[in-house]
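Descriptive structure summary
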Amino acid sequence: QDYSHELVCMTAKERIVVPIRAIGAKAILEFPDHLDFLKRPVKYSTQKTLLVRNTGNLEAHYQLSTQSPFFVVPATGTLGAGDSMRVTVGFHPLTTGDHFGSLVACCNTGEERIHTKLHGEAVDLNLGLSTSSVEVEKTFITMSNHTTVFIENRSNITAHFQWKTFLDEEDENEVKRRQCNSLHVPREVWMETFMEEEKIRKMKGFCEDRIGILKSMVEEEVAKVQQDPMLFSDKVFFIEPLEGEIGPHCSAEIKVTFKPLEALEYQSVAYCNISGRESRMTLRLKGEGQGPLLEFSCPSLNLGKILVDTLHIYEV
């Protein structure tokens, strides 16, 4: 903190003022004014390291913050006077185009916030499927058949892929919201649990926290829903592997298995979410279940004249 005061000397003829100033110790962090990530793949993390120095004469307790799609690690810490450290700033865009943000640094001593302008451009890379649709051969019910599809990575990055049930993340979040809402316990159940807990407490003098247990169970189920990656799931079509990585200029073989339950035509759609592409790649699946093929060994059977009350057995 800075301090100021005045020493005043009064005489019969004049008033002399001597200003006194004391500059308190400060922490001064040095950050660059601008950080540009240039062109980077969409849905892919790129990181840059900054060297930060404390050129002040006081230990700095700092806090760093930024906005999506940028992130910073570590976000908080302590840096001694004259010391330096490395800070990692990341860029993980989910949509293509230009992205702007700022890295803000705050210190405990109340100095002005330091702002570093951030910029990055996200682009789609050359990744794709060998085909957009597959049709599996007719398959007898309760049996299985399969075909293969390739994910081709014609870029310079290692791409991570996942096969999804829904077209985009917005649809996934909507399903998760509905599932979480269905987990909410009705008010009547809370009241019933509370009354039962009070009844036991009056009888025994103590009771386990049943409301707390119920609340924990609900929170646990909600957390499971939120963490669910929503990978592709179907009753008759199966994809292996559901997720994995593909090296630069390589391809991944995907096995599509068809196991019909009835003698019907089946159709489904799987979406491949892959780093390096904003939109998910669509794979349409089609197959037909085949019932048993049966026929008699002869079109007709002539039994001829048979005596009454006699048994004749024929095999067909």
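Definitions and cut-offs
- Residues numbered from 1 in each chain as written.
- Predicted model: local features only at pLDDT ≥ 70, side-chain atom pairs only at ≥ 80, totals over all residues.
- Heavy atoms only, no water.
- Disulfide = S-S within 2.5 Å.
- UniProt positions renumbered as here; feature names shortened; annotations may be inferred.
- Helix = DSSP H or I, 4+ residues; strand = E, 2+ residues; numbered from the N terminus.
- Salt bridge = Lys/Arg side-chain N within 4 Å of Asp/Glu carboxyl O.
- Buried < 20%, exposed > 50% of the residue type's maximum accessible area, 1.4 Å probe, protein only.
- Pairing = 2+ DSSP bridges.
- Phe/Tyr/Trp six-rings, centres within 6.5 Å; stacked < 30°, edge-to-face > 60°.
- Core = buried A, V, L, I, M, F, W, Y, C linked by side-chain atoms within 4.5 Å.
- Contact = heavy atoms within 4.5 Å.
- Expected span 1.5 Å × (residues − 1).
- Arc of directions from axis to C-beta.
- Polar contact = N/O pair within 3.5 Å; in protein donor to acceptor, adjacent residues only side chain to side chain.

Under the annotation held in an unreviewed UniProt entry, the protein carries the name HYDIN protein and is attributed to Vidua macroura.

Attention now goes to the state of the cysteines. Summed over the entire model, instances satisfying the criterion amount to zero disulfides. Between C107, a free cysteine, and C106, which holds the nearest cysteine sulfur, the sulfur-to-sulfur gap is 7.8 Å.

Per the UniProt record, the feature "domain: CFAP65 tenth Ig-like" (unreviewed entry) sits at residues 232-290. Between the C-alpha atoms that bound residues 232-290 there is a distance of 24 Å. The span itself is 0% helix and 63% strand.

Here we come to the pattern of salt bridges. In a structure, side chains of opposite charge can pair up when their charged atoms sit close to one another. Applying the stated criterion across every chain, the model contains seven salt bridges. Across the salt bridge formed by E288 and K138, the nearest N and O atoms sit 3.8 Å from each other. Within this pair, whereas E288 is found in strand 21 (residues 281-290), its partner K138 is found in the loop between strand 13 (133-135) and strand 14 (139-140), the two being separated by 150 residues in sequence. In this structure, E152 engages R154 in a salt bridge whose closest nitrogen and oxygen atoms are separated by 2.5 Å. By relative accessible area, which is 27% here, E152 ends up partly exposed. In this structure R154 comes out as partly exposed when scored by relative accessible area, which is 39%. Three or more residues are tied together by salt bridges with common partners; here these are K164, E172 and R280.

With that out of the way, let us pick up the pairing of strand 15 (residues 145-153). Residues in a regular strand project their side chains so that they alternate between the two faces of the sheet. Pairing geometry for strand 12 (residues 127-129) and strand 15, over three bridges, is antiparallel. Across the sheet, the residue bridging to L129 is I151, located in strand 15. In terms of strand pairing, strand 15 meets strand 19 (residues 250-258) through nine bridges, oriented antiparallel. Residue pairing in the sheet places N145 in a bridge with F258 of strand 19.

A few words now on the packing of aromatic side chains. Scanning all chains against the criterion turns up five aromatic pairs. Note on F70 and F91: the rings are 5.1 Å apart at their centroids and 20° apart in plane angle, and the pair reads as stacked. Here F70, found in strand 7 (residues 70-73), pairs with F91, found in strand 9 (residues 84-91); they are 21 residues apart in sequence, far enough to count as distant. You can call F91 buried: its relative accessible area is 0%.

The pairing of strand 3 (residues 29-30) with strand 5 (residues 46-54) spans two bridges and is classified as antiparallel. Along strand 5, the bridge assignment pairs E30 with R53. For strand 5 and strand 9, the ladder comprises eight bridges, and the chain directions are antiparallel. Along strand 9, the bridge assignment pairs L50 with V87.

The subject of this paragraph is the sheet that holds strand 7. The strand order 3-5-9-7 describes an open sheet built from four strands, whose pairing is antiparallel. Two strands lie at the open edges of the sheet, namely strand 3 and strand 7, each paired on one side alone.

The next thing to look at is the environment of E221. As for its position among the elements, E221 is in helix 3 (residues 210-227). Judged by relative accessible area, which is 34%, E221 ranks as partly exposed.

What follows is about the nonpolar core. Membership of the largest hydrophobic core comes to 25 residues, with the highest contact counts inside it found for I151, F161, W163 and I274. Listed by contribution, the elements that provide at least two residues to this core are strand 12, strand 15, strand 16 (159-164), strand 17 (237-240), strand 19, strand 20 (265-274) and strand 21.

Our next topic: the environment of L285. Along the polypeptide, L285 turns up in strand 21. Residues L285 and L35, 250 residues apart in the sequence, show an inter-C-alpha distance of 45 Å. The residues contacting L285, other than those within four sequence positions of it, are V134, F232, F237, V256, Y266, Q267, S268 and A270.

Turning to helix 1 (residues 169-183), a few remarks are in order. Taking 1.5 Å as the rise per residue, helix 1 with 15 residues should run 21 Å; its terminal C-alpha atoms sit 21 Å apart, in good agreement. Taken residue by residue, helix 1 has E172, V175, K176 and C180 as its buried positions. Along the axis of helix 1, the buried residues cluster in a sector spanning 135°; they form a single face. Away from its buried face, by an angle of more than 90 degrees, helix 1 presents the exposed residues E170 and S182. The backbone nitrogen of E170 has a side-chain oxygen 3.3 Å away, supplied by the residue at the start of helix 1, namely D168.

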